Amino acid sequence: MRRRFFMPVLMSLTLALSACGSFNSSLDDEDEDIEDEDEDDDEDEEENNAATEGTDLEDDQTPTGSGKGTQKAVTIASHKVTAEFEDNENLTSTGSYPEIIVNEDFMMDYPKFWAAMTTFSDSIGESAVEDIKTFGYGAPGEDEASYHYDIEAEVLRLDDKVFTAKFEEDYDWSYTEDYDPYYYYVNYDINTGKRIWSDAFFAEKEGLAQVLYDTVVATYPREKDLINETNEEGIPIALDYITSMVDYDYLPCCIVGDELVIHFGSYSIMDNDNFYDITIPVDDLKDYLNPDYIEDTTGNVEDKVEYTEVIDDTYEGKLYIYEDETPENEEQEEIHVSTPEELVNAIAPNTHIILESGKYDISDYVLEDNPDVDNEYWGYTSWWGEYGVCNVYNMTIEGEDPDDRPEIVIKSAFYDVFVLDQCSNITLNNLIIGHDAKKGDCSANVLAVMNSNGITGNNLDLYGCGAYGLMCMASNGVYLYDSCIHDCTYGIVELFDDSSDICFYDCDFIDNREYTLIENGYNIGYIYFTNCKFEGNEGDLFSLYAEPDYITFTDCEFGDEEREFLDEHFDMVIYYEDGGAG
């Protein structure tokens, strides 16, 4: 194990002994040394304060940390942000976000970790500032209103293996009910700088879900009846959800000290807004845990991390632009591209992008901020902390040859492949989109549409691995024609936040599995399937938690399993066959 954490202490001791000359120095010399040490402490404090002040951001500037002047390995600087609105001086929007600053010594030992923290901090700061500047992407409910959004970070672990931090987010508008804060864990491999997920902590998964479920039951005995609620197969619902998290590597966990810590957020293992926290001693999980990431408990995280506060300048607020304020469409400029970089840089309003046949691996542009991208319309999205298309209207992305469609992929199984965030009037034609990753390991979607409207796809192939072929959040008017969604690991389409008018025409849905194929349980909005074919899919055809009559099937073909489910729950949908009511 490297001991560079403690080198500044050893260096200080060596310097002190050199100044004294020997342990038998005179009392006067000792007094002088003590005074010198006090002066050094004052100088260090001044340097540290200066470094903290130096992290203030100018308007529209990306937050970055230099690490200079920080005494401990990592500093968490809490930036206080305020936005003022010229058109309405009575509105106030405030908040905070953390910046993770790695000092120079620690940076030299772990340069990849430093680079990862810089990128991660910049993305958090950029997103938080934009959220506060735009009043939480909402319209004020009254003339005098306020919005507040806080992100706090606490480092739980910092050794020569893993960096773990707990992030808590809290937001509210003055004219709405308060939202409960929620939190999550973030883990990074200290040597590779890569974010790690639950699969890194476990060498064996068989039987693990049952152990975790039993711990939840034991930890929350008063909710035993609720936790033991079963699904149609007689399996406890909570156990079923936990099993999925274990199998698909999105268990919200970390290893801190001698305990495995897991935080099940609201609606994650039960259909309620309760959260369930459990801890299990590492010694009780030796058959499951990966020894490479069990914590080295030597040292104390408090000795390596310090927390400071930074007051940033006030930003100029800009209220969210709604659909009726979208700029008018112009004639689309035609641009031909042949590389991933050209594709990403070409994205813009009023643009018709034509892709040559071939494979477009956009991993470098989706997973992190890429300095080669100088495009305001390719940015940090509000879903899973990834990059995608933002604030674009009147754009077409089209494969040049409909018989030899270009393929857009990413290599990570944990991020959506192609994201449209706050977009309108977008057309995707003649494209293949999917994860270039091992099938069955995916926990992210293929095409994600958020806060958008007027999205059309023609001749698309959306394939697994991919959790869902299409995910829509707070979006309206999404239309797919002559397209296929196949081999996805969760299902066909997932809808959130009152997405509506999601329409499929002449589409095929083949070999998707194994959860709810049309997941609309937490959505109030209409979905239409016309002349579509369902074949070889496994799992419930649609959510039984949804309100009835929100799904309409017209002249559709179903496989045996889908037909059996449809016949059993006929009253949940509107079904037409051959143009007449079924």
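Structure: above.
Reading guide: rules and limits
Residues numbered from 1 in each chain as written. Predicted model: local features only at pLDDT ≥ 70, side-chain atom pairs only at ≥ 80, totals over all residues. Heavy atoms only, no water. Pairing = 2+ DSSP bridges. Helix = DSSP H or I, 4+ residues; strand = E, 2+ residues; numbered from the N terminus. Axes fitted to C-alpha atoms, helices over the stretch in contact; angles between N-to-C directions. Salt bridge = Lys/Arg side-chain N within 4 Å of Asp/Glu carboxyl O. Buried < 20%, exposed > 50% of the residue type's maximum accessible area, 1.4 Å probe, protein only. Lys, Arg positive; Asp, Glu negative; His and termini not counted. Contact = heavy atoms within 4.5 Å. Disulfide = S-S within 2.5 Å. Polar contact = N/O pair within 3.5 Å; in protein donor to acceptor, adjacent residues only side chain to side chain. Core = buried A, V, L, I, M, F, W, Y, C linked by side-chain atoms within 4.5 Å. Phe/Tyr/Trp six-rings, centres within 6.5 Å; stacked < 30°, edge-to-face > 60°.

Q: Account for the sheet that holds strand β7 (residues 259–264), naming residues and giving values.
A: Spatially, the three strands line up as an open sheet ordered β6-β7-β8, and their pairing is antiparallel. Every interior strand has two partners, whereas the edge strands, β6 (253–256) and β8 (276–281), have only one. Pairs of neighbouring strands in the sheet enclose a mean axial angle of 20 degrees, with direction left out of account. As paired strands, β7 and β8 are joined by six bridges and run antiparallel to one another. Bridge pairing links isoleucine 262 to isoleucine 278 in β8.

Q: Kindly report on the pattern of salt bridges, identifying the contributing residues and their values.
A: With the rule as written, the count across this model stands at 11 salt bridges. Among the salt bridges present, the one from glutamate 538 reaches arginine 513, with a minimum N-O distance of 3.6 Å. Of the two residues, glutamate 538 is situated in the loop between β29 (533–535) and β30 (551–554) and arginine 513 in the loop between β26 (508–510) and β27 (518–519); the sequence distance between them amounts to 25 residues. Taking relative accessible area as the criterion, glutamate 538 reaches 36% and is therefore assigned partly exposed. The salt bridge partner of glutamate 535 is lysine 533, with a shortest N-O separation of 3.0 Å. Exposure remark for glutamate 535: the relative accessible area of 38% places this residue in the partly exposed category. For lysine 533, a relative accessible area of 32% puts it in the partly exposed group. Through salt bridges with shared partners, a single network forms among Lys359, Asp361, Lys411 and Asp436.

Q: Before we move on, can you summarise the side chain of glutamate 99 with the specific residues and values?
A: Inspection of the secondary structure puts glutamate 99 in strand β2 (residues 92–102). Of the side chains with opposite charge, lysine 80 comes closest to the buried, unpaired glutamate 99, at an N-O distance of 13 Å.

Q: Could you give an account of the side chain of threonine 381, with specific residues and numbers?
A: Looking at the element boundaries, threonine 381 is found in the loop between β13 (378–380) and β14 (387–390). Accessibility expressed as a relative area gives 2% for threonine 381, which makes it buried. Setting aside its immediate chain neighbours within four residues, threonine 381 contacts Glu386, Tyr387, Gly388, Cys390, Val419, Asp421 and Met450.

Q: I'd like a rundown of the state of the cysteines, residues and numbers included.
A: Under the definition given, this model contains zero disulfides. Cysteine 532 carries a free sulfur, and the closest cysteine sulfur to it, the one in cysteine 556, is 4.9 Å from it.

Q: Can you break down the environment of serine 500 residue by residue, with the values?
A: In this fold, serine 500 is placed in strand β25 (residues 500–505). Relative accessible area serves as the criterion here: at 11%, serine 500 is assigned to the buried category. For the pair serine 500 and serine 475, spaced 25 residues apart in the sequence, the C-alpha separation amounts to 6.7 Å. Those residues within four positions of serine 500 in sequence are excluded, and the remaining contacts are Ser475, Asn476, Gly477, Gly525 and Tyr526. Within the structure, serine 500 has its side chain in polar contact with the backbone nitrogen of tyrosine 526 (distance 3.0 Å).

Q: Can you explain the nonpolar core? Please cite residues and give values.
A: One finds Trp378, Phe418, Phe504, Phe529, Phe534 and Phe553 to be the most contacted residues of the largest nonpolar core, which totals 66 residues. With four residues, strand β18 (residues 424–435) is the largest single contributor of residues to this core. Excluding residues within four positions of it along the chain, phenylalanine 534 makes contact with Ile492, Phe509, Ile518, Phe529, Leu541, Phe553, Cys556, Glu557, Phe558, Gly559 and Glu562. Counting 39 residues, the second largest nonpolar core, distinct from the first, contains Ile76, Ala83, Ala116 and Val301.

Q: Let's hear about the environment of alanine 348: which residues, and what values?
A: Looking at the element boundaries, alanine 348 is found in the loop between α8 (340–346) and β11 (351–355). The sequence separation of alanine 348 and valine 392 amounts to 44 residues, and the corresponding C-alpha distance is 6.0 Å. In this view, alanine 348 contacts Tyr377, Val392 and Met395; residues no more than four positions away in its chain are not counted.

Q: Could you give me a rundown of the packing of aromatic side chains, with the residues and numbers involved?
A: Tallied over the entire structure, the rule returns 39 aromatic pairs. With 5.9 Å between their ring centres and 85 degrees between their planes, tyrosine 171 and tryptophan 173 make a pair best called edge-to-face. Overall, tyrosine 171 belongs to the partly exposed group, its relative accessible area being 23%. Judged by its relative accessible area of 13%, tryptophan 173 is buried. With centroids separated by 5.1 Å and ring planes inclined at 15 degrees, the aromatic side chains of phenylalanine 534 and phenylalanine 558 adopt a geometry described as stacked. Linking phenylalanine 534 in strand β29 with phenylalanine 558 in strand β31 (residues 557–558), this pair joins segments that are 24 residues apart in sequence.

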